[in-house]
Structures are given as C-alpha cells and as structure tokens.
Amino acid sequence: MTTVIYDGSWQGFLTAVFEVYEYRLADTVICGEKFAPANLFGASHKVFTDEAKAVRVWDRLRQKLTPGAYRQLYDSFLSEDKGVEDVLMRYIRYSLASKVAMENDFSHPDILQVKQVSRKVHREKHRMEAFVRFQLTKDQLYYAIVQPDHNVLPLIARHFKARYADQRWLIYDATRKYGIYYDLEKVEEVQLNFTADLQNEFTVSEIYDEHESLYQHLWQQYFKSVNIAARKNTKLHIQHMPKRYWKYLVEKK
Amino acid sequence: MNHDRITEKLAILADAAKYDVSCSSSGSNRKNKEKGLGTTGNGICHAYTEDGRCVSLLKILLTNVCIYDCAYCVSRKSNDIKRAGFTVQEVVDLTINFYRRNYIEGLFISSGIFTNADYTMERLVLIAKKLRTEHKFSGYIHIKSIPGASEEIIKEAGLYADRLSINVEMPTEKSLALLAPDKKREDMIQPMKVLKQAIIENKEEKKLFKKTPVFAPAGQSTQMVIGATAETDLEILYLANGFYKKMNMRRVYYSGYVPISNDNRLPAIGTPVPIVRENRLYQADWLLRFYGFNVDEIVDKNNPLLDMEIDPKLGWALRNMQCFPIDINTAEYQLILRVPGIGVQSAQKIVAARRFRRLGYGHLKKIGISVNRARYFIQADNDYEVKDWQPAQIKQFILSEGVSKYKADFSPQITLF
Ligand code: SF4
C-alpha cells in the first residue's frame, strides 16, 4: 500500500491523481498533509502541486464527464470528509476506464457516494447562503463569520458577489481561518487571523456602524413576531436550523 | 428614528401579517443591474420560525387599520387591538437594511384597507417603485393586492413586483358572504383574470421585443383559509385545481385557521389548528403540480375527504391496486412516480441507474427509496415474496412500522412521500 500525501488543495489533489497514473501506483491511500498519520506503514509518496499536471487531469475529466458530474467531484472534494480522496480516485479510475458515461450508474457504490456527498456539500452551500449574517462596521464593511462543516466558501462567492454588488463584504471561515473579501470589483481569498470570538472582544459601539445594533434588534423583534405559538414545532425548527449554526445567527442570540 | 416606536410598529405589523402563509421567494430571475443591490433566484429561507416555517421575506402590513370587518382576520375593524402604520419610507429603509445584512430575500407587503382600496394599493405600489428605482433593488417583492383596487393600479404593481397575490380567502362564495360580508368574490376573481391576461401579454411582447420590462415574473398566487368553515377537501381541491388550470396560478396556499375570535360563526378559541389537514392538502397539491395526478384521482364524490392517517398518494395507490405491481426495471417514469415511497428524485435516479444493470431491492434501498413502503407496489430483481395483500392490510402494515417517518410534516414546504 502506498500513502500519497498532497497539500490539501484541489490542484494538489489533481496532481496526485496524475502521479498515481504516472508512477503506476496501485493500492493507494490519498491524504492531505494535515491528516497524514505520523507513523506510516508501507511506502509513501509526496506530491508537489504542479499546475500543468493538474490541468491535464482536469482536461481529461472534462472530456469524460458532463459539467454536472465534474462539479460533483469538486463539491465532494470540498466536503473534507475523511477518505473522500480515495472515493474520488476510484470514481476517476472508473470513468477513465469506461467507454460510456458512467456518472448515472447509481447502483455503483462510489458513484452513489459521490452523488450523496456532493449533495451534502451542496446543501451546506445553500445553508451558508441563507445563514450568513452581515454586520456593518464603521468603515462600511459588511462582515460575517461562519463555521461551516465543509469548506464551502469557494462555492458561495459567486452568489454573494452577484447579490451584493454595491457593498464591500467579507465572509470569514473561523474554522479554516480564511475569508473571502469583495472590494466592489472582485472576490479574493484573504488569510486573516481573527479570533473566532471577535464579536465579543469589542463593544458594539467601537467598531460598528451607529445603526447596526438597531437593525439587529429589529430583526430579532421580527423573528419573535412572526412566530405562531399555536403551531409550535421545535423538532422541525431544529431540523431546518441545526443548533451548530446558531452561534452566528443574530436572531438566535 | 425613534427606536422604541419603530420596534413596536414592527412587532404589531409583522404579527398581523403572519397569517398569510406564503413565503415563497422563488420563480423570478431578476439580475443585478448596473451594480445595484440584489438578485432573485430559487429563493432562500434565511431562517425558520419556531413552528418550522420558512422566513424568506420581510412580511409586514403597511398598516393594520382596516375599514372592513372580516371575521377570521385579526385586523378586522371590530377587533379591539393596537393599531399602527408605517410610512412608505420606513418600509423602504427596513427592507434595504435587512436585505444588505442577508436577513431576507425581499419584501412581502400587504395592508389593511384605509380610506379606500385604490388609495391603499397606491401606497403599496409606491413602496415597490421606490425600491426599484431609487435603490436599484433587484431583490424579491411580493405585493398582496387590495381587493377592489382598480385595474390600472394592479397593472402598475406588476411593473415593480415579482409576484402579486389576491387571496380568495374562503373556499366558497357562501363562506365568504358569511364571514367577510364587505367582500365580493368577484372583486377577487376579476383582478386574477386581469393579471393572467397581463402576464400572458407581457410574455408575448417579450418574445418580440427583448427590452420589454418584465411584468410580475413570478406570477400570481392565492390563499384560502381552511378549517374555519365546513367545506370538504373536494371543494377546496377542485377550486385550487381550477386556479392552476384556468388562472395560471403559480401557487395556492392553504392556511389552517388559527382561532383568534369568540365570534360564534367560527371555531372557538382553543380549537386546535388543523395542521394535519393543511399538510395533507399541500401533499395533494404537490400531486397535482408535480406528479401528474388529476384532481379527481385524489378526491371524488365517494371520497370527498382526504385520509388524515396516510398521505394522498398512498391513498390513491390503495384505491387502485389494479395498477400494481409495477416493474421498476421497465416501467415508465410517470408510473414509477406513482409508487408510494418513491419521490421525484428517486424516480429519476431509478430511470438513470437501470440502464447500467437490473436493479434489485438492495440497490433501491441505497438509492434512498423507502422499500418498506414501496415493496407492496413494485417488482424488482431478487423479489420479495409477492403476496396478495388487501389494501386495508397494507395500510395497517405501513402505519404500524416507523410511524414517525410518515407522519405529517407540519409545513407548506414539504417534500415527503
Ligand atoms: S380586508 Fe383584509 S385586513 Fe381588512 S379585515 Fe378583511 S382580511 Fe382583514
């Protein structure tokens, strides 16, 4: 067995796929360097991310797969699920070996798993588009902190850029310690070291716009008012708004 | 801005608007123009109330002052409650500031009737117009029209709103006369026709001239209160079906009556909200819209009431056992869709996956079909023993196992089956 170690990026992963073929590595376990076990049994292979190799794999896959299936691979990758690279590797092997399009072969375990994992990631993408709560700072930046289960910031950038084209915004992933920032022109990834509890470190009046607390308060009031007590259904409520997301929701404070 | 005053107004006017159950913000596709603010798309639920309903729009009344006296409504003239009203500008500011913080998809504005219908409706249209023109706002706007407003002003509303609704309120004219004596059915049906016509004409025009401005791109919807009066599900669903077929209605909403009054024409305070029935109606509505069912397959003279214990799709299957079992590996998509326990997504997966190999029960389970439910109605490879169960037995089996899974989901945003 060979453990293939790469840097954790999508390009790195595609490079790893390339090298699995290049070096004819069989029986591999592909693993991001952050998660690589300290004591490796058997051989290991270190991958250095190489754009040219990544692009070749990408191009090959694009010939083989529909755009939808290609997206599913990428979305599944962003799940950061343990072992997802190996599922993707098997998926890729199957697709490259198959003469016909195989992405709808749902009774095949790897195909089904990619479909399901990508759906899970997609669901969280939607949740983040819903649950981001911007707060307006004194210098007119709308910023939000999130802690998604999966690495979905790359997937939500487009939506926010299209919607909030006339305001500067920053969405920060407190788990992965990076953010996406829109400067009225383009969205960029930014590395920041916010402490996760930035919100609690300053008093509201120091960094926020003077109306920020009013609108937060009004939103809380609105949320309270629309409730119909005669219909209370806590189970359904939590199913739609899982508690792990509450931390950054204004209306849940 | 006086913080306490605006907070109080919001509390009153959101509270009064919440009985309109529509929360949809989908069906429109407005692009952000010239670096303005907002987009519409599939509609996002930004939050969920404690009763599990989607919060997508800022849903408020402009005012809860009303000259009418509809018995089922909290804002009725004779009700002794606190009254309040926003200014047009206050609604605009709230919408923009909530939207910029990603709290909402847009605005759902409606109002009690003050002075007269046209005067009220003009104010609602003004709010939408200001949002679109002064703020370059491309988020979602739903205007609930005021019954009795003139044709011109309703048509103007369509230029700014994504969706317009006119609530029919009661399933029959008789109930309307009983509970809302100020209102005439005709005042609701006529504007629906006007809108339908205007939407069709706009589409035609758009084909010819690309630059034609959009008109109510998310169409129209309506709502009726159920459980306040004695109508059967048959009457309710036939009416809804008529709206879909004849008025091109996008959605019909069913609002289980929440007792708010001691009026003896109505269920007493404390009567439970008919949540299960409401849910069954939504399920039936889904069958009409997405599953290719005809309304008379769901309810008819002999079965004018939906079965509260089981969903209407299972109900239909049990009444039509001669259509089953169907063969998963060969049957048409439309037939597979009719199998209890198989939803739209699963049916699509089955049709896609069976091209690669014949499917057995193991495959079906993994794909996400509730085999325990579907097994009485299908054939697949490595078959269960097919027995000739009677419909009543099947119903018993299904009800006795895993009850929770088939229990009604209490919300209009259901997808189960
Ligand atoms: S007209 Fe509308 S707001 Fe006025 S009482 Fe009737 S339902 Fe309520």
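Keep in mind the model is a prediction, meaning the values are calculated, not measured.

### Quick word on the sheet that holds strand β8 (residues 251–256) of chain B
Across a sheet, paired strands are connected by hydrogen bonds in the backbone, their directions being either parallel or antiparallel.
Residue and element names in this part refer to chain B.
Then, in step 1: An order of β3-β4-β5-β6-β7-β8 is seen for the six strands of this open sheet, with the pairing classed as parallel. Among the strands making up the open sheet, the edge pair consists of β3 (57–61) and β8. For this sheet the average axis-to-axis angle between neighbouring strands, irrespective of direction, equals 20°.
Then, in step 2: Across six bridges, the pairing between strand β7 (residues 220–226) and β8 is parallel. Among the inter-strand pairings, serine 221 is bridged to a residue of β8, identified as arginine 251.
Then, in step 3: Along the sheet, helix α7 (residues 233–246) contacts β7 and β8; its crossing angle with β8, the most-contacted strand, is approximately 155°.

### Some words on the sheet that holds strand β5 (residues 141–146) of chain A
All names here are of chain A.
Then, in step 1: Strand order in the open sheet formed by five strands is β4-β5-β6-β7-β8, and the pairing between neighbours is mixed. Looking at strand neighbours, the two that pair on one side only are β4 (135–136) and β8 (187–191), the edges of this open sheet.
Then, in step 2: The sheet contact formed by β4 and β5 spans two bridges and is antiparallel. Residue pairing across strands places glutamine 135 opposite tyrosine 143, the latter belonging to β5.

### Points about the domain arrangement of chain A
All names here are of chain A.
Then, in step 1: One can read the domain layout of chain A as domain 1 (2–124) and domain 2 (132–252).
Then, in step 2: Computed over C-alpha atoms only, the centres of domain 1 and domain 2 are separated by 32 Å.
Then, in step 3: Domain 1 puts 10 residues into the contact, and the matching count from domain 2 is nine residues.
Then, in step 4: In terms of surface lost to domain 2, no three residues of domain 1 exceed Leu78, Glu80 and Glu124, which account for 65% of the buried area on that side.
Then, in step 5: For the pair domain 1 and domain 2, the number of links is one salt bridge.
Then, in step 6: Put simply, arginine 176 and glutamate 80 hold a salt bridge, and the shortest N to O gap is 3.0 Å.
Then, in step 7: Our count for the contact surface shared by domain 1 and domain 2 stands at six residue pairs in polar contact (both at pLDDT 80 or more).
Then, in step 8: Among the elements of the structure, α3 (67–78) and α5 (109–131) are those that each provide at least two residues to the side of domain 1 that touches domain 2.
Then, in step 9: No other element matches α3, which puts four residues into the side of domain 1 that touches domain 2.

### Brief notes about the domain arrangement of chain B
Then, in step 1: Domain boundaries in chain B define domain 1 (3–289) and domain 2 (312–409).
Then, in step 2: Taking only C-alpha atoms, the centre of domain 1 of chain B and the centre of domain 2 of chain B are 38 Å apart.

### Digging into the interface of chain B and chain A
Then, in step 1: With 61 residues of chain B at the interface, the matching set in chain A holds 56 residues.
Then, in step 2: For the pair chain B and chain A, the two sides together bury roughly 5300 Å², of which 57% comes from carbon and sulfur.
Then, in step 3: The largest per-residue losses of area from chain B upon contact with chain A belong to Glu50, Arg101 and Tyr103 of chain B, which jointly make up 14% of the total buried on that side.
Then, in step 4: Counting every contact that joins chain B to chain A gives four salt bridges.
Then, in step 5: For arginine 101 of chain B, the salt bridge is made with glutamate 212 of chain A, and the minimal N-O distance between the two is 2.8 Å.
Then, in step 6: For the interface between chain B and chain A, the tally reads 32 residue pairs in polar contact (both at pLDDT 80 or more).
Then, in step 7: Put simply, the parts of the chain that give the side of chain B that touches chain A at least two residues each are α1 (3–15), β1 (47–48), β3, α2 (88–100), α8 (275–290), α12 (344–353) and α13 (361–367) of chain B.
Then, in step 8: Considering every element that reaches the side of chain B that touches chain A, the biggest residue donor is α1 of chain B, with seven residues.

### Notes on the site of the ligand
Then, in step 1: For the ligand, the full set of nearby residues is Cys66, Tyr68, Cys70, Cys73, Arg76, Gly112, Ile113 and Lys183 of chain B.
Then, in step 2: When its residues are assigned to classes, the shell around the ligand shows five nonpolar, one polar and two charged.

### Considerations on the packing of aromatic side chains
Residue and element names in this part refer to chain A.
Then, in step 1: Enumeration according to the criterion identifies 32 aromatic pairs over all chains in this entry.
Then, in step 2: Their ring planes at 55° and their centres at 5.1 Å tell us that tryptophan 10 and phenylalanine 77 sit as a pair that is tilted. Here the residue tryptophan 10 occupies a position in helix α1 (residues 10–22), and phenylalanine 77 occupies one in helix α3, the gap between them amounting to 67 residues. A single burial state applies to tryptophan 10 and to phenylalanine 77, both of which are buried.

### Observations regarding the environment of alanine 240 of chain B
Residues and elements named next belong to chain B.
Then, in step 1: With respect to the helices and strands, the residue alanine 240 is situated in helix α7.
Then, in step 2: For the pair alanine 240 and glutamate 105, spaced 135 residues apart in the sequence, the C-alpha separation amounts to 27 Å.
Then, in step 3: Setting aside residues up to four positions removed in sequence, alanine 240 forms contacts with Met224, Val252 and Tyr254.

### A few points about unusual backbone geometry
All names here are of chain B.
Then, in step 1: With an omega of -5°, the peptide bond between phenylalanine 324 and proline 325 qualifies as cis.
Then, in step 2: Here proline 325 lies in the loop between α10 (312–319) and β9 (326–327).
Then, in step 3: Within the chain, asparagine 102 stands out as a residue other than glycine whose phi angle is a positive 65°.
Then, in step 4: Mapped onto the elements, asparagine 102 comes out in the loop between α2 and β4 (106–110).
Then, in step 5: Residues other than glycine seldom take positive phi values, yet asparagine 248 does so here, at roughly 50°.
Then, in step 6: For asparagine 248, the position within the fold is in the loop between α7 and β8.
Then, in step 7: For asparagine 248, a relative accessible area of 42% corresponds to the partly exposed category.

### With respect to the packing of helix α9 (residues 212–225) of chain A against α1 of chain B
Then, in step 1: One way to put it is that α9 of chain A packs onto α1 of chain B with a least axis distance of 9 Å and a crossing angle of 25°. When the axes of α9 of chain A and α1 of chain B are compared, the pair comes out roughly parallel. Crossing handedness for the pair α9 of chain A and α1 of chain B: right-handed. The segment α9 of chain A lies against α1 of chain B, with Leu214, His217, Leu218, Gln221, Tyr222 and Ser225 of chain A engaging His3, Ile6, Thr7, Leu10, Ala11, Ala14 and Asp15 of chain B.

### Brief notes about the pattern of salt bridges
Then, in step 1: One pass over the full model with this rule turns up 37 salt bridges over all chains.
Then, in step 2: With its nearest N and O atoms 2.7 Å apart, the salt bridge here joins glutamate 251 of chain A to arginine 133 of chain A. One end of the pair, glutamate 251 of chain A, is in the segment after α10 (234–240); the other, arginine 133 of chain A, is in the loop between α5 and β4, and 118 residues separate them in sequence.
Then, in step 3: Residue classification places arginine 133 of chain A among the buried positions, given a relative accessible area of 3%.
Then, in step 4: Linking lysine 395 of chain B and aspartate 307 of chain B is a salt bridge whose minimum nitrogen-to-oxygen distance equals 2.8 Å. Placement of lysine 395 of chain B in helix α15 (residues 391–400) and of aspartate 307 of chain B in the loop between α9 (295–298) and α10 is noted, with a sequence separation of 88 residues between them.
Then, in step 5: According to the relative accessible area criterion, aspartate 307 of chain B is partly exposed, its value standing at 30%.

### A closer look at the side chain of aspartate 75 of chain A
All names here are of chain A.
Then, in step 1: For aspartate 75, the position within the fold is in helix α3.
Then, in step 2: A residue is classified by how much of its surface remains accessible, and aspartate 75, at 3% relative accessible area, is buried.
Then, in step 3: Ignoring any residue separated from it by four or fewer positions in sequence, one finds aspartate 75 in contact with Ser118, Val121, His122 and Leu155.

The rules we used
Residues numbered from 1 in each chain as written. Chains lettered and ligands numbered in written order. Predicted model: local features only at pLDDT ≥ 70, side-chain atom pairs only at ≥ 80, totals over all residues. Heavy atoms only, no water. Pairing = 2+ DSSP bridges. Helix = DSSP H or I, 4+ residues; strand = E, 2+ residues; numbered from the N terminus. Axes fitted to C-alpha atoms, helices over the stretch in contact; angles between N-to-C directions. Contact = heavy atoms within 4.5 Å. Domains from an automatic or database assignment. Buried area = accessible area lost by both parts, 1.4 Å probe. Salt bridge = Lys/Arg side-chain N within 4 Å of Asp/Glu carboxyl O. Polar contact = N/O pair within 3.5 Å; in protein donor to acceptor, adjacent residues only side chain to side chain. Near = heavy atom within 4 Å. Nonpolar A, V, L, I, M, F, W, Y, C, P; charged D, E, K, R; others polar. Phe/Tyr/Trp six-rings, centres within 6.5 Å; stacked < 30°, edge-to-face > 60°. Buried < 20%, exposed > 50% of the residue type's maximum accessible area, 1.4 Å probe, protein only. Parallel < 35°, antiparallel > 145°, perpendicular 65-115°, else oblique. Left-handed = near helix turned anticlockwise from the far one by under 90°.

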